[in-house]
Amino acid sequence: SREELVKAIFNAALKMRLNNEKMLLVGQWVDAYSQIPEKKLGKIKKEVKMESIATTISEHYINIGIQKGIQEGIQKGIQKGIQEGIQKGIQKGKLEGKIEGKLEGKIEGTASVVSRLIAKKFQVDPGESLIFLKSLSPEDIIELADIVLDCDSWDNIKAWILKKAK
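Let us now look at the pattern of salt bridges. In this structure the tally under the stated criterion is four salt bridges. With its nearest N and O atoms 3.9 Å apart, the salt bridge here joins E96 to K92. With E96 and K92 both in helix α4 (residues 57-122) and four residues apart, this pair spans about one turn of that helix. With relative accessibility at 52%, the residue K92 sits in the exposed group. Measuring nitrogen to oxygen at the nearest pair gives 3.8 Å for the salt bridge that ties K164 to D140. Residue K164 is located in helix α7 (residues 154-165), and its partner D140 is located in helix α6 (residues 138-150); the two are separated by 24 residues in the primary sequence. Overall, K164 belongs to the partly exposed group, its relative accessible area being 35%.

Next up, the structure:
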């Protein structure tokens, strides 16, 4: 029957993995010469999974345009996403750097003050005591300031620092 012949033509075209332009020509040839009603032809195309093949050249080029538009949209979306991600990363990095810088400044300032306090009380080089203080947390340095006032030797201070630094 004509219907079986059309199915065989469509199946053969699909097996050959023709590009869209050639599949369009196969579809147009079948439409022109098969003399099968359009409704029945649509059913056959669906059965052999050819319903997505364009039925006119205009439709074919519209489909190509849609695919190109989708690809361009995806590319632009990716590029915009990357740019926005980089900008947000830079802003977040600046903020984190600013916070970290302030914290380091506080730690260094506190350590410097406590180092001078140790140097004055125990006649120790401030650089030497500062080396020890760098191993402590900010809270420990503040606690040490109170201990320095009550302590009677640099050796006791070093022992306390070494114990805290562990």
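The next thing to look at is the side chain of S115. Summarising the element assignment, S115 is placed in helix α4. The class for S115 is buried, based on a relative accessible area of 2%. For S115, the side chain forms a polar contact with the main-chain oxygen of P126, separated by 2.7 Å. Excluding anything up to four places from it in sequence, S115 contacts P126, S129, L130 and L133.

On to α7, then. For α7, spanning twelve residues, the distance from its first C-alpha to its last is 16 Å, which sits close to the expected 16 Å at 1.5 Å a residue. Taken together, the buried positions of α7 are occupied by W154, I157, W160 and I161. In an axial view of α7, the angular spread of the buried residues amounts to 120°, which keeps them on one side of the axis. Those residues of α7 that are exposed and angled more than 90 degrees off the buried face are D155 and K163.

Conventions used here
Residues numbered from 1 in each chain as written. Predicted model: local features only at pLDDT ≥ 70, side-chain atom pairs only at ≥ 80, totals over all residues. Heavy atoms only, no water. Salt bridge = Lys/Arg side-chain N within 4 Å of Asp/Glu carboxyl O. Helix = DSSP H or I, 4+ residues; strand = E, 2+ residues; numbered from the N terminus. Buried < 20%, exposed > 50% of the residue type's maximum accessible area, 1.4 Å probe, protein only. Polar contact = N/O pair within 3.5 Å; in protein donor to acceptor, adjacent residues only side chain to side chain. Contact = heavy atoms within 4.5 Å. Expected span 1.5 Å × (residues − 1). Arc of directions from axis to C-beta.

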